[in-house]
Amino acid sequence: MGARSGFKFIGVGAMSLSLLGLAGCGSVSNTNSSATSNSGASGSTSGTQTITVAYPDWTPGFSKDTQTWLLATQKKLQAQYPNVKVQFEPIDGANYYTKIELMMRSSKTAPDVVYDDSFKIASYAQAGYIAPINSIKNWSGWQHFYPTMQNMVTYNGNVYGVMNQTDAQAIYYNTKIFKQVGLPVPWQPKNWNDILSAAEKIKQKDSSVIPMWLYAGTPQGETSTLRGFEVFLAGTNSSLYDYSTKKWVAGGPGFNQTFNFLQTVHNKGLMEPEADWSSANATSTLNNQLMPKQQVGIAFDGIWIGQNYTPSGSSPWPNAFSAYNVAEIPTANGQTPGTTNVSGGWALSVTSKGQNHALATKFIEAACSTDVLSNYLASIQVLPPRNDMASTPAMQQMFKSNPWMSKGNELLQNTTYRPGVGPQYSEISTEIAKLTGELAMGSMTAKQAEQDFTSSVTSIAGAGNSETAN
Amino acid sequence: MVKHLQSSGAAVAGPVKRSKRRRVARWRIVEGVILQTPLIFTVLTFLAWPIIWTFALSFTNFSLTGATALHWNWVGLLNFKQLFQDHSFFKSIGLSVVYLVGSAYLGQCVFGFVLAVLMRDRPKWLSTVVGGVIILAWVVPEIIGAFMWYALLSNGSVVGQSLSWFHIPYQTWLITHPMLSINLANSWRGVAFSMMIFTAALGNISPELMEAASIDGASAWWKVMKITIPLLKSTILVDLVLITLATLNDFTLIYAMTGGGPGDNSTVLSVFMYQQAFVNSQMAYGAAISVILQLIGVVLSIVYIRALRSEG
């Protein structure tokens, strides 16, 4: 009994202690898949200053292009700070927002620089996740950013980041179909009625094609809200958020007009079948199947979809750029300024819990300088946020291989942006996406959709925080 | 003097032996506790702690981003009050009930029972093949099963194209009948479990009982209703509890097949909770929904136990 139970005790004790130890310290989960696994804090071994940059690795191609850009930035910055080294923190794209929101909460995991979606900037600023970097206004490059780009990163008067890219929405119209049904090419609708009558003419004269493609419904989420609703609302006198009173807008004549427009599109049968827009793969249905087969007359989509048709794209199609032309989005009644748009885009921000804010700010300045940025944007095929980049060789090359993008400057002239001023935006956006789906199915009238919208916004934002425009 | 035995716990007489016995008994308890420490720690950390934390979270206004991300407050029952004013919440509960009744009660419990009864006394090869196919459905990883059903029922899918050969128009079931689609998928996936439980339990019913009933002129239906089911009451209880809890919490299958759509026509409680917590970043609100989910599970379990235990 003695020796045996003694051994038993020692064995049991050792096992318990080791399990306790394991469970206790082994559970800090690795929220990033960085190849070099030390996360967050910039080390300073032998004077090296590390800047960790977190970015979404949506595709291996995007990851590679982003890393090339970050390395070019490192090289540029080393002219001034020889010991600077950049460390990549690719985060899986599907859960990007949640993951970086969690990472930014603690100095142990927060990167120094974060690549964030511009419409999250306001809520990150409110949360205290990102730091104000007002010194950037003294940077020589700042004045070259379009005013909308400067406004998108500003919250409560402070600058919280720098846009490194932007986008715009476009109307694509098929030149062959237009000529066949007797519509003018080139075509520029002056108001919403022009769009409706063009679509009706296509429906009348060619029943084998989809007259007009609009994104709608919750499976496409923000895409439906942005391209199936906001591009129209932006052409009215109403907007989603009133910056002067700091209240969310729960209704008004512009909303009325937009809901009625969408109802008309459904009533006249001008849209694609429900099975198409309600699928989670709607974007690829449009970009990779219907457009190459030229089965859509008019489509509302992002300006960058030409990426699909370049030789290295997912559906290489050299004739894409002559098969479809780009038109600007008109205001509802053609009122000043005549055209409108809604832009999004991504930005670089400095995290509050990151280590060296000053150096991180310098990093961002280098990353968003004309030469370094134009190479990156040409590789990922997006619009520049600065007005002095279009003439760089890289951008010229991009416009040559993707002529649709050269319309980018015009599209950005009168562009607006989404009010990411709080978590209410995502809830309201989800609600709008749902309503576009109901209108497209015909399960709600414009009036019902408007009532639903008003009561939803009032409950999401709180009665004291919402108003109805007149 | 009675020699005391080497092995402990032996009955020995005398005060010296009794205190040694007590010492040994106490030592046994201590040993037991120490041995259980890793298990207790694991259960506390990975099971109890998340439940407690989620429960506590539901009384705050914590969110992943925005003003209440780092500086959150206790708000009492505010989340629950908001929930009960939210018509999407009630729609979600209704859909969860439909999912539960359709895929758990009917699709797995009843159908599993029927399969087990039918497979009794069949030739070995038949029960092996049928059983094998059904179990194969069960072991397929959930996301793959979801994708298979998506491929079957979506637009331009296998079912749609097959029907078009017969010139039957196919209305995308994922859009027109989303709840039916996910009920089918979940039943397909889970029926093996119920079938196996019932098969094992049926094996315990003595054949003499059945023969006696046949001799007395009982029909097959009567035998099932009056003999089999009453004898299997505790098995049915176990099965119901397990599959109810699994079905209430099911998320991956539904989200991968329909995303909760179209609109919110298949947004069961678990999908609703995910949308609130992760898409809208409202973690505390999502936690409140998950507390309600837990409560529903607990209440249902109590109902089953009451209903099925009382009969002898």
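Definitions and cut-offs
- Residues numbered from 1 in each chain as written.
- Chains lettered and ligands numbered in written order.
- Predicted model: local features only at pLDDT ≥ 70, side-chain atom pairs only at ≥ 80, totals over all residues.
- Heavy atoms only, no water.
- Helix = DSSP H or I, 4+ residues; strand = E, 2+ residues; numbered from the N terminus.
- Rg over C-alpha atoms; globule rule 2.2 N^0.38 Å.
- Buried < 20%, exposed > 50% of the residue type's maximum accessible area, 1.4 Å probe, protein only.
- Contact = heavy atoms within 4.5 Å.
- Areas by Shrake-Rupley, 256 points an atom, 1.4 Å probe, with all protein chains shown as cover.
- Lys, Arg positive; Asp, Glu negative; His and termini not counted.
- Charge placed at Lys NZ, Arg CZ, Asp CG, Glu CD.
- Axes fitted to C-alpha atoms, helices over the stretch in contact; angles between N-to-C directions.
- Parallel < 35°, antiparallel > 145°, perpendicular 65-115°, else oblique.
- Left-handed = near helix turned anticlockwise from the far one by under 90°.
- Nonpolar A, V, L, I, M, F, W, Y, C, P; charged D, E, K, R; others polar.
- Phe/Tyr/Trp six-rings, centres within 6.5 Å; stacked < 30°, edge-to-face > 60°.
- Expected span 1.5 Å × (residues − 1).
- Arc of directions from axis to C-beta.
- Patch = residues over 30% accessible without salt bridge, like charges linked within 9 Å, V, L, I, M, F, W, Y side chains within 5 Å.
- Salt bridge = Lys/Arg side-chain N within 4 Å of Asp/Glu carboxyl O.
- pLDDT = per-residue confidence, 0-100.
- Pairing = 2+ DSSP bridges.

A.B. asks: Any chance you could explain the overall build of chain B here in plain terms?
C.D. replies: Along the backbone of chain B there are 14 helices and zero strands. In sequence order, chain B lays out its α and β elements as α-α-α-α-α-α-α-α-α-α-α-α-α-α. Computed over its C-alpha atoms, the radius of gyration of chain B comes to 27 Å, more than 25% above the 20 Å expected for a compact globule of 312 residues. Counting only C-alpha atoms, chain B reaches 95 × 75 × 35 Å along its principal axes. The buried share of chain B, reckoned over its 312 residues, is 40%. Once local pairs closer than 6 in sequence are excluded, the contacts in chain B between residues at least 24 apart make up 68%. As displayed, chain B has an accessible area near 17600 Å², and 70% of this comes from carbon and sulfur atoms. For chain B, the distance from the average site of its 20 positive side-chain charges to the average site of its 11 negative ones is 20 Å.

A.B. asks: Explain the overall build of chain A to me, please; I cannot follow it from the model alone.
C.D. replies: Helices and strands together make up the secondary structure of chain A, namely 18 helices and 17 strands. Of all 470 residues assigned to chain A, the portion counted as buried reaches 57%. A separation of at least 24 residues holds for 74% of the contacts in chain A among residues at least 6 apart in sequence.

A.B. asks: Quick question: what am I supposed to make of the packing of helix α8 (residues 222-233) of chain A against helix α9 (residues 253-267) of chain A here?
C.D. replies: The description of two helices packed together rests on the angle between their axes and the distance between the axes. Residue and element names in this part refer to chain A. Orientation of α8 relative to α9, taken along the N-to-C sense of each, is 135°, at an axis distance of 9 Å. Classified by the interaxial angle, the pair formed by α8 and α9 is oblique. Two packed elements cross with a definite hand, and for α8 against α9 that hand is right-handed. In this structure, α8 contributes G228, F229, F232 and L233 to the contact, and α9 contributes G254, F255, T258, F259, F261 and L262. Its residues assigned to classes, the contact of α8 with α9 comprises seven nonpolar, three polar and no charged.

A.B. asks: Help me understand the packing of aromatic side chains in this model?
C.D. replies: Aromatic ring pairs are described here by two measures, namely the spacing of the ring centres and the angle between the planes. Residue and element names in this part refer to chain A. A full pass over the atoms with the stated rule returns 50 aromatic pairs over all chains. Taking 4.7 Å as the distance between ring centres and 45° as the angle between the ring planes, the aromatic pair formed by F232 and F261 counts as tilted. Linking F232 in helix α8 with F261 in helix α9, this pair joins segments that are 29 residues apart in sequence. On the accessibility criterion, F232 (0% relative accessible area) is buried.

A.B. asks: What exactly am I supposed to notice about helix α4 (residues 124-139) of chain B here?
C.D. replies: The periodicity of an α-helix, 3.6 residues per turn, causes residues three or four positions apart to be oriented the same way. Residue and element names in this part refer to chain B. Across its 16 residues, α4 extends 22 Å between first and last C-alpha, which sits within 8% of the 22 Å expected from 1.5 Å per residue. Among all positions in α4, only G131, I134 and A137 are buried. In an axial view of α4, the angular spread of the buried residues amounts to 115°, which keeps them on one side of the axis. Among the exposed residues of α4, those pointing more than 90 degrees away from its buried face are K124, W125, V133, L136 and V139.

A.B. asks: What exactly am I supposed to notice about a positive patch on the surface here?
C.D. replies: All names here are of chain B. Side chains of R18, K20, R21, R22, R23 and R26 sit close together on the surface and give a patch of like positive charge. With respect to the helices and strands, K20 occurs in helix α1 (residues 15-57). The class for K20 is partly exposed, based on a relative accessible area of 38%.

A.B. asks: Sorry if this is basic, but what is going on with the environment of A:K203 here?
C.D. replies: Residue and element names in this part refer to chain A. Among the secondary structure elements, K203 is positioned in helix α7 (residues 192-205). For K203, a relative accessible area of 38% gives the class partly exposed. Sequence-wise, K203 and G269 are 66 residues apart; in three dimensions their C-alpha atoms are separated by 8.4 Å. The residues touching K203, leaving out its near neighbours within four places in the chain, are P211, K268, G269 and L270.

A.B. asks: Help me understand the confidence of the model for chain B in this model?
C.D. replies: Low pLDDT means the predicted atomic positions in that stretch should not be read closely. Residue and element names in this part refer to chain B. When pLDDT is averaged across chain B, the result is 86; 93% of the residues are at 70 or more. Mean pLDDT values over the elements of chain B span from 79, in helix α6 (residues 158-165), up to 93, in helix α3 (residues 87-119). Within the model, the stretch residues 1-10 combines pLDDT values under 50 with eight contacts to residues more than four positions away or in other chains.

A.B. asks: Explanation requested: the sheet that holds strand β16 (residues 415-417) of chain A in the structure shown.
C.D. replies: In sheet architecture, strand pairing relies on hydrogen bonds along the backbone and comes in two forms, parallel and antiparallel. Residue and element names in this part refer to chain A. If you trace the three strands from one edge of the open sheet to the other, you get β13-β14-β16, paired in mixed fashion. Edge positions in the sheet fall to β13 (329-330) and β16, since each has one partner strand and no second. Across three bridges, the pairing between strand β14 (residues 339-343) and β16 is parallel. Residue pairing across strands places N341 opposite T415, the latter belonging to β16.

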